[in-house]
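One letter stands for each residue in the lines below.
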Amino acid sequence: MTSTTSFLDPRTLADLEGLALRTRYIIEGLLTGTHRSAHLGYSTEFSQHRPYVPGDELRHVDWKALGRTDRLYVKQFHDETNLTCTFLLDASASMSYRGARSPLSKFEYASCLVMSLAWLLRHQGDAISLTTFSDKPLRILPPAANDARLAEMIELIESTIPAGPSVIDVALRTWASGVGRRQLVVVVSDLFGDAGKVTHVLGDLDRFGHEVIVFQLCDRDEVEFPFEQHTCFADLESPESMSLDAESWREAYLHAFNEFNQQIRLACRQSSIDLCQLITDEPLAAALGNFLTTRIRT
Amino acid sequence: MNLLFAQPWMLLWAVAALIPLILYLLRKRTARTVQWGAIQFLQTASRGPAPRPPWRRLLLLLTRIAIPVVVALAAATPGCLQTSGGAAGNFADSVATHHIFVFDLSGSMGPRAGDHGASPARQSIEAALQQLSAAQQGDLFSVITCGAAAPTGLVVAATADRERASNVMRNLQAGYGTFRTQTVMNAVAQSIDQTSQRGLNVDHQIIIYSDFAVADWSDEDFLSPAGLDEITKTCALVDRSAEPGPNLAISDLRTSAGRSTVGQSIIVEASVRVLGQASPGPDNTVVPRKTNVELIVDGVLVARRPLNVIGSEIGTISFDVPVDRNGSIPVTARIDDSGLLADDQRHLVIVGQAAIQVLVVDGGNQSPNPLITALSGTDKQGSDKPVVELATIEPSQLATARLDRADVITLTGMSSIDESQRKTLVEFTRRGGRLLISLGEIAERATWQALLDDLGAGVEITDGIQQGDFGFDPLEFEHPAIGAFRDFPDAGLLDVPIYRYHPTVLTGPEIDRILNYDDGHAAIATFAAGQGRVALTTTPLVAADPDSPWNNLPAWWSYVPLVNELVFWLFAGEDSDANRTSLVGQGLVVDASEFPFSQRIEIRHSNGDVNFVSPNADTIFVEPHQVVEPGFVEIGADQGETAGASPAPLFAFNFDLQESDTQSVDVGALQSRLNQEPASSDFGQAKSIGYRDRWPLQLCLAMLLMLLVVEWALASRTVIAVRKEAS
């Protein structure tokens, strides 16, 4: 029997052509393992009866109760309002990095993640939106609660080539200024940039009333820095390069990297932002599980 | 303590240590480029202090540099000396040292063409003398030789007498023996034992002067014998690569017949061998040495033929030498090698004679005597002059006849032989005469037995007469006297009916059988007597009573060739000329009784010099200094000024520079070579190896093993450490 994990393994996904196929593959795998899950249908569950008052819609009258009690009752449900979820996908050049040991680049991994989450949300009738950004919002698909949006998102992502510098604070702040309604905001990025500014803008999103989930993606090389020889590191987002003895600089690099991540984690915890740090050679189960757990809690 | 290397050129491999360093620098220069998204963290890190290169990397680089260095050190076979050694060394820090000088005086260390006297042996001695003079007071010295003719072994045993050791060394000469490890080790152990027995507490230093061009030499055998591990050992190697290599030498020149009649020819055989160590060719193949062998007869070059000598084999070449005159004919064979004169030529004398003088002592009543008839028919080809000149006498005339003109005397038809006749015949053979004795039907056994005893034959004629039908057994025709019958079965030799013969018992060790009867008894035997030779037939060659024959020999067609072959072989066969060859610089004893006159003896040398000696008692002693050049010395009667310059030659003595003879050493020639001063002290180029156990080599190997382990650990641990760090 094929396990869910195998469906979500990036190495398996890398063998599949096209984001749509990858997304369906992920979702099928996910549903295979969770089809009896109580998570489904949470927004349409019955809540209570109340006496009918004039003006109530007749379609909510419980006719069976009328037959049993000769009184009119109206069925009440949980919030039936559709959720709007906006995916903020980092399309800067640093997202195009793919290490020697990773089957997918960070952007490809992020694309699979976004589309999988979008499909789930769309499956329960929520409105979904997608915005790609680098140093500013690049392309925007406004919220829509139809299946065509999924296809549009796939088309947009597949036509996007990661490029340009990454200035997350500016990009998110610009996006937030054009959004009025409270939303579920899913940020998928490596978050590379000024740690203070990044954490600040994430906090602002939370303060604006958005529910924020952050998926921070890193490549295995970025986490371990396994280079040993003299290596010239050319920046993906600028003409700058650094030539150095990688092994001797490993410790200092990892220190800076871990300190950055620590700042991000601390800021997210203070702002009650769900942060999920992922490495691109890990299965997507962690990301999806984290997302679903968050949704149950809310 | 000095560190020395057996193969110092191997240290060149240490250059390989640059390879890891070069690779390191090249990799640094040609750094690979990585498109990197997280450069902000490198920038953050670069704002801090520059990190040091990881110690593991540096250690790995150093290890990789050290590995080829240690490999080169090990390959160079390091050794350690407590005292300075080697050809140009001294003994500065030696307090009380027992210096054991070992000299390889085998043939390969001897003089060669082109070394101008500075033979390796001489160079070794010079180097040893220098070391000897540099030794400290109180040191002991032993001298060991191996390979020389004499002396050999421990010739100086642990003495403090430096002068004595020095004198012994100076007198050492190369010989033609073999340098053997075990022989040397026994002598070394003996010299060390002597110091131990005397309670001397000294360091032993063994210095070997050798080219080690011997098959059984083994460093391992020498350096690690039981009980000698703690000795400081020094081996001085002589570099022979610049030398002209092994010489070819004529090792022998011989002939089966020392004399012949004029018009005949004699086969002369020359042997050529490689003197010294045969150098292997490419891929250890044996390279044949080529030379030309020239034959000079009577001063005239008559033949020049090529000859190849392969490895240590002896090449042989034969010449047909015509005898075209009377007297001693010098024959010289020489090769066109550039070695010593002694190596290049050997000499031989053959004697030419107009005809064989055969004296027939005829005691029979058969007329004509078939023996005379058989010998009379022998003519030279193209000449009506007979090869055999016959003279016949009665047995009664034997005691008084002039026998010095006869080459061969035949005794036929004689029933007995008296004492005077016996003495005459013994004297005849003692001076080199040949005797053919034919025992017949009327023989009185006792008188003939007495003659044979006086001749020293070792033949016993047993009582009785063997009767029956017999034939000859040719003994596979091995004897040259009947060799002519080998391929001619129709010659009739094997068909001759023999009815009776005198059985004999051959007891003397020097008796050769020419023919046997088919029942195993000897038919014709031969033995040396004095300077001459005797052939004895046990059935008569001439029948005394034709009506009652002992055999059908005279009537058989093999009779004539058999009789002639016997007479010719007796005349020209092996001459007892062993004492007629000597070496330059050595004396020669000549039996004076051979000379039937009392006047002075004239010795005429090949260079024209003449010495005179007077017969002294029974011998003539030719002084060593009188013969200084190789060649022939003719010895004859001094006939005075009136008789002309040339004496009547009686004997020609062959004096050789016989260096190429493995059985003896030409001391004079070697000495003349060795006495020359070396052209240069090129022994200083000799290499030295010092050993004190093998610990430097073992240390190198241990270091190499350790470095390999460290390298492996570092190379693998680097990756492991990174993974741990990342996790």
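Residues numbered from 1 in each chain as written. Chains lettered and ligands numbered in written order. Predicted model: local features only at pLDDT ≥ 70, side-chain atom pairs only at ≥ 80, totals over all residues. Heavy atoms only, no water.

Asks: Which residues make up the overall build of chain B, and what are the values?
Replies: Secondary structure assignment for chain B yields 14 helices and 36 strands. Burial analysis of chain B (727 residues in total) assigns 50% to the buried set. Across chain B, every contact between residues at least 6 apart in sequence was considered, and the portion connecting residues at least 24 apart equals 75%. When the accessible surface of chain B is summed, it comes to about 33100 Å², and 52% of that surface belongs to carbon and sulfur atoms. (Helix = DSSP H or I, 4+ residues; strand = E, 2+ residues; numbered from the N terminus. Buried < 20%, exposed > 50% of the residue type's maximum accessible area, 1.4 Å probe, protein only. Contact = heavy atoms within 4.5 Å. Areas by Shrake-Rupley, 256 points an atom, 1.4 Å probe, with all protein chains shown as cover.)

Asks: With reference to specific residues and values, describe the overall build of chain A.
Replies: What chain A contains, in helices and strands, is 11 helices and 10 strands. Long-range contacts, defined here as pairs at least 24 residues apart, represent 72% of the contacts in chain A between residues at least 6 apart. Of the accessible surface of chain A, which amounts to about 13800 Å², a share of 52% is contributed by carbon and sulfur atoms.

Asks: Give a description of the packing of helix α4 (residues 120–134) of chain B against helix α5 (residues 162–170) of chain B that names residues and reports values.
Replies: Residue and element names in this part refer to chain B. Where α4 meets α5, the axes come as close as 10 Å, and the angle between the chain directions of the two elements is 170°. As judged from the angle between their axes, α4 and α5 are roughly antiparallel. Only R162, A165, S166, M169 and R170 of α5 make contact with α4, whose side of the interface consists of R122, I125, A128, L129, L132 and S133. A per-class count over the contact of α4 with α5 returns six nonpolar, two polar and three charged. (Axes fitted to C-alpha atoms, helices over the stretch in contact; angles between N-to-C directions. Parallel < 35°, antiparallel > 145°, perpendicular 65-115°, else oblique. Nonpolar A, V, L, I, M, F, W, Y, C, P; charged D, E, K, R; others polar.)

Asks: Go over the packing of helix α7 (residues 168–177) of chain A against helix α8 (residues 195–207) of chain A with me, naming the residues and quoting the values.
Replies: Residue and element names in this part refer to chain A. It is the contact of α7 with α8, at a shortest axis distance of 8 Å, that shows an interaxial angle of 15°. Between α7 and α8, the crossing angle belongs to the class labelled roughly parallel. Between α7 and α8 the crossing geometry is left-handed. Of the residues in α8, those in contact with I168, D169, L172, R173, W175 and A176 of α7 are K197, V198, H200, V201, L202, D204 and L205. For the contact of α7 with α8, the residue count by class is eight nonpolar, one polar and four charged. (Left-handed = near helix turned anticlockwise from the far one by under 90°.)

Asks: Please set out the interface of chain B and chain A residue by residue, giving values where relevant.
Replies: Each partner contributes residues to the interface: chain B has 29 residues there, and chain A has 35 residues. On the chain B side of the contact with chain A, W36(B), F41(B) and L42(B) bury the most area, a combined 22% of that side's loss. Counting across the interface, chain B meets chain A through zero salt bridges. Those elements giving two or more residues to the side of chain B that touches chain A turn out to be α1 (18–29), β2 (32–36), α2 (39–46) and α14 (695–726) of chain B. Counting residues per element, the side of chain B that touches chain A draws most heavily on α2(B), at eight residues. Partitioning the side of chain B that touches chain A into residue classes produces 15 nonpolar, eight polar and six charged. (Buried area = accessible area lost by both parts, 1.4 Å probe. Salt bridge = Lys/Arg side-chain N within 4 Å of Asp/Glu carboxyl O.)

Asks: I'd love a proper account of the nonpolar core, names of residues and values included.
Replies: Core analysis: the largest hydrophobic core is formed by 64 residues, its most contacted members being L295(B) and F472(B). Ranked by residues supplied to this core, first place goes to helix α12 (residues 559–572) of chain B with nine residues. Both domains that meet at this core, namely domain 3 (247–337) and domain 4 (354–572) of chain B, each give it at least three residues. Every residue in contact with F472(B), bar those within four places of it in the chain, is listed here: L493(B), L494(B), V496(B), I498(B), L515(B), N516(B), Y517(B), A523(B) and L553(B). In this structure, L88(A), Y97(A), A38(B) and L42(B) belong to the second largest nonpolar core, which totals 45 residues. (Core = buried A, V, L, I, M, F, W, Y, C linked by side-chain atoms within 4.5 Å. Domains from an automatic or database assignment.)

Asks: Describe the confidence of the model for chain B, and please don't skip the residues or the numbers.
Replies: When pLDDT drops low, the exact placement of atoms in the prediction is not to be read closely. Residue and element names in this part refer to chain B. Of all residues in chain B, 65% have pLDDT values of 70 or greater, and the mean over the chain is 72. Counting contacts from residues 81–94, a segment whose pLDDT is below 50, to residues more than four positions away or on other chains yields 48 contacts. A low-confidence stretch, residues 576–580 stays under pLDDT 50, and its non-local contacts, those more than four residues away or across chains, total 12 contacts. (pLDDT = per-residue confidence, 0-100.)

Asks: Describe the sheet that holds strand β6 (residues 184–189) of chain A, and please don't skip the residues or the numbers.
Replies: All names here are of chain A. One open sheet accounts for six strands, arranged β5-β4-β3-β6-β7-β10; its pairing is mixed. Looking at the sheet topology across the chains shown, the edges are occupied by β5 (137–144) and β10 (274–279). Taking the axes of each pair of neighbouring strands and ignoring which way they run, one obtains an average angle of 15° across the sheet. Alignment of strand β4 (residues 127–133) against β5, held across five bridges, turns out to be antiparallel. Across the sheet, the residue bridging to T132 is R139, located in β5. Lying over the sheet, helix α5 (residues 106–123) contacts β3 (84–90), β4, β6, β7 (211–218) and β10, oriented at roughly 175° with respect to β3. (Pairing = 2+ DSSP bridges.)

Asks: If you had to explain the packing of aromatic side chains to someone new, which residues and values would you point to?
Replies: Any pair of aromatic rings gets described here by the distance separating the centres and the angle formed by the planes. Evaluation of the coordinates by the stated rule reveals 20 aromatic pairs over all chains. Plain terms: the ring middles of F227(A) and W36(B) are 5.5 Å apart, the flat faces sit at 85° to each other, and that makes the pair edge-to-face. Placement of F227(A) in the loop between α9 (220–224) and β8 (230–235) and of W36(B) in strand β2 is noted, with the two residues assigned to different chains. W36(B) sits in the buried class, given a relative accessible area of 0%. Considering the side-chain rings of Y253(A) and F41(B), the 6.0 Å spacing of their centres and the 90° angle between planes classify their relative orientation as edge-to-face. Residue Y253(A) is found in helix α10 (residues 246–270), and its partner F41(B) is found in helix α2; the two belong to separate chains. Take Y253(A): its relative accessible area is 0%, and that puts it in the buried class. Clustering of aromatic rings is evident, with ring pairs tying together Y97(A), F192(A), F225(A), F227(A), F233(A), Y253(A), F257(A), F260(A), W36(B) and F41(B). (Phe/Tyr/Trp six-rings, centres within 6.5 Å; stacked < 30°, edge-to-face > 60°.)

Asks: I'd like a rundown of the side chain of R122(A), residues and numbers included.
Replies: Residues and elements named next belong to chain A. Following the sequence through the fold, R122 ends up in helix α5. Note on R122: relative accessible area 15%, which makes it buried. What R122 contacts, discounting residues up to four positions off in sequence, is I128, A145, N146, D147 and L150.

Asks: Outline the sheet that holds β2(B), supporting the account with residue identities and numerical values.
Replies: An order of β9(A)-β8(A)-β2(B) is seen for the three strands of this open sheet, with the pairing classed as mixed. Lying at the two open borders of the sheet, with one neighbouring strand each, are β9 (241–245) of chain A together with β2 of chain B. Neighbour to neighbour, the strand axes of the sheet diverge by 25° on average, direction disregarded. Bridge count between β8(A) and β9(A): five bridges; the pairing is antiparallel.

Asks: Mind laying out the side chain of N369(B), listing which residues take part and the relevant values?
Replies: By the element assignment, N369(B) lies in the loop between β17 (356–362) and α9 (370–376). Residue classification places N369(B) among the buried residues on the basis of a relative accessible area of 5%.

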